[in-house]
Amino acid sequence: MIEGSTLGGDAACTRTTNLSNAGTILMRSINSSAWDAALLAGANTITNTGSIVVERGVGGTRVVTGNVVNNKNLVLGAGATVTHTGTFTQGAGGKTTINVDNLATFGRLNSSGALTLNGNLTIVTAPAYWPVVGNSFAILNGASRSGTFATTTGLTRVGETEQYVVTSLANGVMLDVS
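Fair warning: this is a prediction, and the values are worked out from it, not measured in the lab.

Chemist: Can you help me understand the overall build of the protein in this one?
Modeler: Per the secondary structure count, the protein includes zero helices and 19 strands. Going through the 178 residues of the protein one by one, you find that 44% of them count as buried. In the protein, 69% of the contacts between residues at least 6 apart in sequence involve partners at least 24 apart. Accessible area for the protein stands at about 7800 Å²; split by element, carbon and sulfur atoms hold 56% of it.

Right, here's the structure in full:
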């Protein structure tokens, strides 16, 4: 757990070698603090075969350095923006979950490197939020993008006429409501 708090201040996990995660890495801040949470691997690779969960908490930044290979679960909580330095690759068995609370509060990954996509994209929309046609969400941003998500879930809800459409761009992925 990488948890910034009023007791401990900013929190960081720093690696000087590759990191292989088969458990759960939770990045958040607690209390009523605006503390940062960082996973710092430099130019090394972070291979995820477990879960990386990033929560907005009550503030602070969420920073990841290193080339990330997601082969299991990456969860970006509503309002959590990950500033990532490195490349992001999602394998065939990987799943990225984006939580959406409203037009301004949704999970996103802003990467300095290339995005290589595969696997599953899951959208979780807050029960009280009903997106409207024309809404757009920039969920993944990078220097470039190759590949697409093989499957998507959560694009519509029962009783909803609007749906999310996944739009692949040269440098990222948008969710558009149509």
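Chemist: What's the story with the nonpolar core in this structure? I'm lost.
Modeler: Inside soluble globular proteins, nonpolar side chains tend to come together where they are buried. Ranked by size, the top nonpolar core spans 35 residues in total, and within it Val100, Ile123, Phe137, Ile139, Leu140 and Tyr164 carry the most contacts. Excluding its chain neighbours within four sequence positions, the residues that come into contact with Ile139 are Ile98, Phe106, Gly107, Arg108, Leu109, Leu121, Val173 and Leu175.

Chemist: Where do I start with the confidence of the model for the protein in this structure?
Modeler: In low-pLDDT regions, the fine details of the predicted coordinates are not to be read closely. Scored by pLDDT, the protein has a mean of 90; 89% of the residues are at 70 or more. Predicted confidence is poor over residues 3-8, with pLDDT under 50, and the contacts of this stretch with residues over four places away or in other chains come to 20 contacts.

Chemist: When you look at the side chain of Thr125 in this model, what are you seeing that I'm missing?
Modeler: Assignment of secondary structure puts Thr125 in strand β14 (residues 120-125). Look at Thr125 and you get buried, because its relative accessible area is 12%. Here Tyr164 takes part through its side chain, which lies 2.9 Å from a polar atom of the side chain of Thr125. In contact with Thr125, other than residues within four places in its own chain, are Val100, Pro131, Arg157 and Tyr164.

Chemist: Got a minute to help me understand the pairing of strand β19 (residues 172-177) in this structure?
Modeler: The side chains of a regular strand alternate between both faces of the sheet. The buried count for β19 comes to five of six residues, which makes it a mostly enclosed element. Sheet analysis places strand β15 (residues 136-141) next to β19, joined by five bridges and oriented antiparallel. What sits directly across from Leu140, in β19, is Val173. Bridge count for strand β18 (residues 164-169) against β19 is six bridges, and the pairing is antiparallel. Directly across from Ser168, in β19, lies its bridge partner Val173.

Chemist: In this structure, what is going on with empty space enclosed by the protein? I would like to understand it.
Modeler: Left-over empty space is what a probe sized like a water molecule reveals as it rolls over the atoms. By the definition in use, this model includes one cavity of 30 Å³ or more. If you add up the space inside the largest cavity, you get close to 100 Å³. Secondary-structure elements contributing two or more residues to the lining of the largest cavity are β6 (51-54), β7 (62-70), β8 (73-76) and β9 (81-85). Residues that form the lining of the largest cavity fall into these classes: 10 nonpolar, one polar and no charged.

Chemist: Can you help me understand the packing of aromatic side chains in this one?
Modeler: Centre-to-centre distance and the angle between the planes together describe a pair of aromatic rings. Per the stated rule, a full pass over the model turns up two aromatic pairs. Note on Phe106 and Phe137: the rings are 5.1 Å apart at their centroids and 85° apart in plane angle, and the pair reads as edge-to-face. Placement of the pair is Phe106 in the loop between β11 (95-100) and β12 (108-111) and Phe137 in strand β15, with a sequence separation of 31 residues. We note that Phe106, like Phe137, is buried. The lysine or arginine in question, Arg108, covers the ring of Phe106, its NZ or CZ lying 4.0 Å from the ring centre.

Reading guide: rules and limits
Sequence order sets the numbering: in each chain, residues are counted from 1 along the sequence as written. Given that this is a predicted model, residues contribute local features only at a pLDDT of at least 70 and side-chain atom pairs are listed and counted only at 80 or more, while totals for whole chains, interfaces and linings are drawn from all residues. As a convention, hydrogens and water are excluded, and side-chain values are obtained from all of the structure's heavy atoms. Helix and strand definitions here come from DSSP, where helices need a minimum of 4 consecutive H or I residues and strands a minimum of 2 consecutive E residues; each element is numbered from the N-terminal end. Here's how the labels work: a residue is buried when its accessible area is under 20% of the maximum for its type, exposed when over 50%, partly exposed in between, all with a 1.4 Å probe on protein chains only. In this description, contact between two residues means that some pair of their heavy atoms is separated by no more than 4.5 Å. Surface accessibility in these figures is a Shrake-Rupley result with a 1.4 Å probe; residues are shielded only by whichever protein chains are displayed. Working definition of a nonpolar core: buried Ala, Val, Leu, Ile, Met, Phe, Trp, Tyr and Cys residues. They are joined through side-chain atoms within 4.5 Å. Within a predicted model, pLDDT stands for the predictor's per-residue confidence, ranging from 0 to 100. In protein, a polar contact means a hydrogen-donor-capable atom and an acceptor-capable atom, both N or O and within 3.5 Å, with residues adjacent in sequence counting only if both atoms are side-chain atoms; elsewhere, any N or O pair within 3.5 Å suffices. Here, strands pair whenever DSSP counts at least two bridges between them. Cavities and pockets were defined on a 1 Å grid built over protein atoms only: a cavity is a set of grid points that admits a 1.4 Å probe from which the probe cannot escape, a pocket is an open set flanked by protein on both sides within 12 Å along at least five of seven lines, and lining residues are those with an atom within 4 Å of any such point. Grid points are joined across faces, edges and corners, and a volume is the space filled by probe spheres set on the points. Amino acids are sorted into nonpolar (Ala, Val, Leu, Ile, Met, Phe, Trp, Tyr, Cys and Pro), charged (Asp, Glu, Lys and Arg) and polar (every other residue, Gly among them). For Phe, Tyr and Trp, rings pair up if their centres lie within 6.5 Å, where Trp contributes its six-membered ring, and each pair is then called stacked (planes under 30 degrees apart), edge-to-face (over 60) or tilted (otherwise). Two limits define a charge over a ring: the Lys NZ or Arg CZ must be within 6 Å of the ring centre, and within 35 degrees of the ring normal.

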